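Below are the chains, spelled out letter by letter.
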Amino acid sequence: MSPIHSDRFDRYVSVLPALKDDNRLRGLKPRAGVDFTSNDYLALASAPRMKEAVAAALEAGTPIGAGGSRLLRGNCEEHERLEAEAARVFGAETALFFGGGYVANFAILTTLPQRGDLLVLDSLVHASIHEGARAGRAEFHTCAHNDPEAVEDTIRNWREKGGTGRAWIVVESLHSMDGDFAPLEDLIAVANRYDAFLMVDEAHATGVYGERGRGLTAPYEGRDNLLVVHTCGKALGAAGALVTPSGVLRDFTVNRCRPFIFATAPSPLMAVAVRQALLILQEEPERQQRLAKLVAFTHREIGLRGLRSSSGSQIVPYIVGDNARATRLASALQGRGFDIRGIRPPTVPEGAARLRISLTLKVGEEEVHAMLDALTEETRGWCQ
Ligand SMILES: Cc1ncc(COP(=O)(O)O)c(C=O)c1O
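This structure is a prediction, so every number in the text was calculated from the model and none was measured.

(A) A look at the domain arrangement of the protein chain. Parsing the protein chain into structural domains produces domain 1 (31–46 + 285–378) and domain 2 (62–282). On the side of domain 2, 23 residues touch domain 1, which itself brings 23 residues to the contact. For the pair domain 1 and domain 2, the two sides together bury roughly 1700 Å², of which 58% comes from carbon and sulfur. Its largest share of buried area at the contact with domain 2, domain 1 owes to Leu 44, Pro 285 and Gln 288, together 29% of the area lost on that side. On the surface where domain 1 and domain 2 come into contact, there are one salt bridge.

(B) Structural context of the sheet that holds strand S6 (residues 197–201). The seven strands lie next to each other as S2-S8-S7-S6-S5-S3-S4, forming an open sheet whose pairing is mixed. Strands with a single pairing partner mark the edges of an open sheet, and in this sheet they are strand S2 (96–98) and strand S4 (139–143). On average, each strand axis in the sheet is inclined to that of its neighbour by 20°, with strand direction left out of account. When strand S3 (residues 118–122) meets S4, the two strands line up parallel, connected through five bridges. Residue pairing across strands places Leu 118 opposite Glu 139, the latter belonging to S4. The sheet contacts of helix H6 (residues 127–135) involve S3, S4, strand S5 (167–172) and S6, and relative to S3 the element is tilted by about 160°.

(C) The layout of surface pockets, seen in detail. Considered as a void within the structure, the second largest pocket measures approximately 230 Å³ in volume. As for the second largest pocket, its lining consists of 13 residues, and the residues nearest its centre are Ala 57, Glu 78, Arg 81, Val 272 and Arg 275. The greatest single-element share of the lining of the second largest pocket, amounting to five residues, is contributed by helix H11 (residues 268–283).

(D) Region of interest: the nonpolar core. Counting 57 residues, the largest nonpolar core has Phe 36, Leu 242, Leu 278, Leu 355 and Leu 375 as the members making the most contacts within it. Elements with a contribution of two residues or more to this core: helix H4 (77–90), H11, helix H12 (285–304), strand S9 (315–321), helix H13 (323–335), strand S12 (353–358) and helix H14 (365–378). Among the elements that make up this core, the one with the highest residue count is H11 (seven residues). Each residue touching Leu 375, except ones within four places of it in the same chain, is listed here: Leu 307, Tyr 318, Leu 329, Leu 333, Leu 355 and Ile 357. With 25 residues, the next largest nonpolar core counts Leu 96, Phe 98, Leu 121 and Ala 138 among its residues.

(E) Highlighting the sheet that holds S12. Pairing is antiparallel in the open sheet, where three strands are placed in the order S9-S12-S11. The open sheet has two edge strands, S9 and strand S11 (341–343), and neither has a second partner. The sheet shows a mean angle of 35° between the axes of neighbouring strands, taken without regard to direction. The sheet contact formed by S11 and S12 spans three bridges and is antiparallel. Residue Ile 343 lies in a different strand from S12, and its bridge partner there is Arg 354. H13 rests against S9, S11 and S12 of the sheet, and its axis sits at about 35° to S12.

(F) Seen up close, the pairing of S6. By the criterion of burial, S6 is predominantly enclosed, with five of the five residues buried. Judged from the five bridges that link them, S5 and S6 form a sheet pairing that is parallel. Across the sheet, Ile 169 pairs through a bridge with Leu 198, a residue of S6. With helix H8 (residues 184–193) bridging S5 and its parallel neighbour S6, the resulting β-α-β unit is right-handed. Inspection of the sheet shows S6 paired to strand S7 (residues 226–231) by four bridges, in the parallel sense. Looking at S7, one finds that Asp 201 is bridged to Val 229.

(G) Molecular detail of the environment of Pro 113. Position of Pro 113 among the secondary structure elements: in the loop between helix H5 (101–109) and S3. A residue is classified by how much of its surface remains accessible, and Pro 113, at 0% relative accessible area, is buried. Linking Pro 113 and Thr 154, residues 41 residues apart in sequence, is a C-alpha distance of 17 Å. With sequence-adjacent residues up to four places away left out, Pro 113 is seen in contact with Ile 108, Leu 119, Arg 137, Ala 138 and Trp 168.

(H) Representation of the site of the ligand. Gly 100, Gly 101, Tyr 102, Asn 105, His 126, Glu 172, Ser 176, Asp 201, Ala 203, His 204, Thr 231 and Lys 234 make up every residue found near the ligand. Tyr 102 places a main-chain nitrogen or oxygen 2.9 Å from an oxygen atom of the ligand. Broken down by element, the residue count for the shell around the ligand peaks at three residues, all from H5. Taken together, the residues that form the shell around the ligand break down as two nonpolar, seven polar and three charged.

Cut-offs used in this document
Going along each chain's sequence as written, the residues are numbered from 1 onward. Only residues with pLDDT of at least 70 get local features here, since the model is predicted, and only at 80 or more are side-chain atom pairs given and counted; chain-wide, interface and lining totals rely on the full set of residues. Side-chain descriptors were evaluated using all non-hydrogen atoms of the structure, hydrogens and water having been removed beforehand. Domain limits in this description derive from either an automatic procedure or a database domain assignment. Contacts: residue pairs with any heavy atoms within 4.5 Å of one another. The buried area of a pairing is the accessible area, by a 1.4 Å probe, that goes missing from both parts when the two are put together, added over both. Salt bridges are defined by distance alone: a side-chain nitrogen of Lys or Arg within 4 Å of a carboxyl oxygen of Asp or Glu. At least two bridges found by DSSP between two strands are what make those strands a pair. Helix numbers and strand numbers start at the N terminus; a helix is a DSSP run of H or I with at least 4 residues, a strand a run of E with at least 2. All axes are obtained by fitting lines to C-alpha atoms, using only the stretch in contact for helices, and the reported angles, taken between N-to-C directions, cover 0 to 180 degrees. The way it works is a 1 Å grid over only the protein atoms, where trapped points that fit a 1.4 Å probe form a cavity and open points with protein on both sides within 12 Å along at least five of seven lines form a pocket, and then any residue with an atom within 4 Å of a point lines it. Grid points are joined across faces, edges and corners, and a volume is the space filled by probe spheres set on the points. As used in this record, nonpolar core signifies buried Ala, Val, Leu, Ile, Met, Phe, Trp, Tyr and Cys residues forming a set joined through side-chain atoms within 4.5 Å. Only protein chains enter the area calculation, which uses a 1.4 Å probe; residues under 20% of their type maximum are buried, those over 50% are exposed, and those in between are partly exposed. The definition of a right-handed crossover adopted here requires that, viewed with the strands pointing away, the path from the first strand over the helix to the second runs clockwise. Proximity criterion: a residue is near a molecule or strand once any of its heavy atoms comes within 4 Å of it. Polar contact is the term for a pair of N or O atoms within 3.5 Å; when the atoms are in protein, one must be able to donate a hydrogen and the other to accept it, and sequence-neighboring residues count only if both atoms are side-chain atoms. The nonpolar class holds Ala, Val, Leu, Ile, Met, Phe, Trp, Tyr, Cys and Pro. Asp, Glu, Lys and Arg form the charged class, and all remaining residues, Gly among them, are polar.

Listed below in structure tokens is the structure:
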């Protein structure tokens with residue numbers, strides 16, 4: 001037994017009261033209430049077709065675990081079938097399956113950009129992109145959110161100061177917390193002008209936008225300076241991430257990417273589930289259409305109530321500002337049966353605490369109506 005008066009944990013314990021004082025202490029809560037929080041946008045996580053595909057694979061002898069790295073015994077036919085299907089669906093030269101979006105972003109950014117290169121990140125990109133940039137070899141800069149001119153200025157300045165490597169622009173196509181869209185056309189033009197790569201994290205757009213859910217990059221897929229990350233744990237209802245590099249970048253990744261090489265491959269059952277999700281996207285476009293209708297309905301209702309939300313997507317931020325107020329508002333809505341969470345810094349910038357309302361096919365118009373009524377009542381008297 002450890003001595004009772006050990007100071008072993010002091011440096012951890014002292015952090016927690018400070019977080020609590022700042023209304024930023026987090027804890028894990030069980031699921032409860034109508035789901036306005038998850039990213040299961042197309043309700044595929046519990047779709048019968050997904051369950052049946054996994055059950056059939058199990059029955060046919062697919063192992064639960066891959067049993068090793070993809071480079072060793074862990075390369076299963078389920079991974080290869082998924083990657084072939086993904087390349088076909090997304091119109092890409094190749095696809096490579098990772099265990100999750102976080103690891104995929106980290107893995108790519110610590111593998112492909114080289115010493116002497118420049119990474120230009122949208123300032124609001126996901127933590128995994130910041131971490132990958134920090135841990136990688138290239139110099140990196142952040143630019144104002146969704147500002148192609150700032151991206152261009154950064155690359156131009158770097159070149160003028162003697163930067164000779166390759167520039168990499170990294171953005172989210174649909175921002176995870178603001179729910180707004182990246183100006184992809186302009187960013188592609190900048191990438192082309194500077195012979196740069198454009199890496200697009202489609203985490204929240206895959207399945208929801210683009211023809212049959214192929215994402216917002218669908219019109220540009222197949223270009224050799226475009227690298228897309230389609231995460232599979234959100235609209236695809238499963239887990240993992242599909243990266244779509246050109247053939248040479250895929251081969252380089254397989255040979256040099258440490259998180260790919262030195263890790264057990266994702267479960268082959270997950271590969272089966274993701275492949276099934278891709279098939280569903282192609283065969284049941286009505287899911288995407290129903291969600292688009294619900295999104296339009298919700299934004300119309302928000303406008304009618306005079307509530308303010310800046311997005312036009314299935315991610316509806318309700319900016320509150322103050323951490324404590326965001327937490328209180330979320331708790332009040334939870335108390336009324338709606339699972340809506342307060343999002344606080346560092347997930348969002350200081351002073352921009354908010355509710356992140358997520359629209360999925362797990363709810364219908366009536367539930368949206370009731371949720372917005374509750375939000376209107378709880379915020380009555382607040383300045384908008
Ligand atoms: C924009 C974005 N990229 C990447 C990720 C990480 O993906 P995953 O949850 O599959 O690890 C997330 C998850 O929240 C995200 O929002």
